[in-house]
Amino acid sequence: MVRILSRARPWSPSPDDAVRRATGGAVRVLNHADTTALTALAAADPVANCFVESILEKGRDATPARSGGPLFLGIFTQATPVTAGRPAELEAACWVGANVVPVGATAEAGALFGVALTALHRRFASVYGPREAVLPLWDELSRGPQRARQIRDDQPLMVLRGRPAVEPSPRVRPARPEEFPVVLPACVAMFEEELGFSPLQNGAVQYRLRVEDLIRNGWSLVDLDDAGRVRFKADLGVVSASCTQIQGVWVEPSQRGQGLAAPSVAAVTEYARQTAPLVSLYVNGFNTAALRTYRTVGFEQVGTFATVLL
């Protein structure tokens, strides 16, 4: 009789064990009991934390997803003689999914999150958020195997708190589902111009579904010319109860320099204000034309983001 011995699977630490060990216990994976504290932390800055608030409002809490799925990391106050006996408070958090987004993090906290992320041995598509946290986070994460395709370290975070300063264009409206075939090429053109490659090269299905979802929700806005071609487009890329974040702003190249952008963006902001009181966006600091447009509309800078594309 031949006995077949099963091979024991090599032990690997849980994500929580891995980040605790790597950071000396300074960082841990958040769980359901931390949801209230995480929600309050994100709400402290609804403009910078619009993305994370939108996730929490969709019904997700701090409970980690399935193995290898999205999770939140957290840093809590350390006990001192003054705070002895008090419960630890959540000081900073970090969303860990395909993208990495710090919440309420200082430079020191960002660096700790970078150490923790390296210990998770995952690959990410980007790191973005407040520059103060993102750049130290990337300094640590870059010690691992991933390399940056681009680092955009000066992205003004802007907000409009009231009505736009210019008259909104009456031509801008939500795209209709049947207009997907003409909206998609404009989205692709914007993406290629912004990032230097086509979103249809890899993950074409996911990108198409994303555009379809924006149109279905009424979050893709367009101005079509008389021939049905897109002259202008923009998306409400992130939506929370407190703030909407405009993304994907694009003017057809032949239409640029003709005064189309500012009234069109103003129309998008008026539409967005029906959903949330604050309208935000962030833009590359080198894009002087876009900055000029947003300031003309009435946007004011309230912070600086950075994005690391991986």
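Located above this text is the structure these notes cover.
If you're wondering where the values come from, they're calculated on a predicted model, not measured in any experiment.

Enquirer: Break down the overall build of the protein for me, citing the residues and quoting the values.
Expert: Along the backbone of the protein there are 9 helices and 12 strands. Each principal axis of the C-alpha atoms in the protein carries an extent, and together these give about 75 × 65 × 35 Å. Counting all 310 residues of the protein, 48% fall into the buried class. Put simply, 69% of the contacts in the protein that link residues at least 6 apart link residues at least 24 apart. In the structure as shown, the protein presents an accessible area of about 15,900 Å², 52% of it carried by carbon and sulfur atoms. If the 32 positive side-chain charges of the protein are averaged to one point and the 30 negative ones to another, these points end up 6 Å apart.

Enquirer: I'd like a description of helix H4 (residues 107–120), backed by residues and values.
Expert: Over its 14 residues, H4 extends 20 Å from the first C-alpha to the last, a length consistent with the 20 Å expected when each residue adds 1.5 Å. Residues of H4 that are buried include every one of Ala 109, Gly 110, Phe 113, Gly 114, Ala 116, Leu 117, Ala 119 and Leu 120, and no others. At its buried positions, H4 is contacted by helix H1 (15–22), strand S1 (27–29), strand S2 (71–76), strand S3 (90–96), strand S4 (99–103) and helix H5 (131–141). Where H4 terminates, the next one or two residues include His 121, which has phi positive at roughly 55 degrees.

Enquirer: Give me the pattern of salt bridges: which residues, what numbers.
Expert: Counted under the stated rule, the structure contains 14 salt bridges. Notably, a salt bridge pairs Glu 270 with Arg 273, separated by 2.6 Å at the nearest N-O pair. When its relative accessible area of 31% is taken as the criterion, Arg 273 is described as partly exposed. Look at the salt bridges and you will find they share partners, linking Arg 163, Glu 270 and Arg 273 into a network.

Enquirer: Describe unusual backbone geometry, naming the residues involved and giving the relevant values.
Expert: One non-glycine residue, His 121, adopts positive backbone phi at about 55 degrees. In this fold, His 121 is placed in the loop between H4 and strand S5 (126–130). Classification of His 121 by relative accessible area gives exposed; the value is 72%.

What counts and how
- Residues numbered from 1 in each chain as written.
- Predicted model: local features only at pLDDT ≥ 70, side-chain atom pairs only at ≥ 80, totals over all residues.
- Heavy atoms only, no water.
- Helix = DSSP H or I, 4+ residues; strand = E, 2+ residues; numbered from the N terminus.
- Buried < 20%, exposed > 50% of the residue type's maximum accessible area, 1.4 Å probe, protein only.
- Contact = heavy atoms within 4.5 Å.
- Areas by Shrake-Rupley, 256 points an atom, 1.4 Å probe, with all protein chains shown as cover.
- Lys, Arg positive; Asp, Glu negative; His and termini not counted.
- Charge placed at Lys NZ, Arg CZ, Asp CG, Glu CD.
- Expected span 1.5 Å × (residues − 1).
- Salt bridge = Lys/Arg side-chain N within 4 Å of Asp/Glu carboxyl O.

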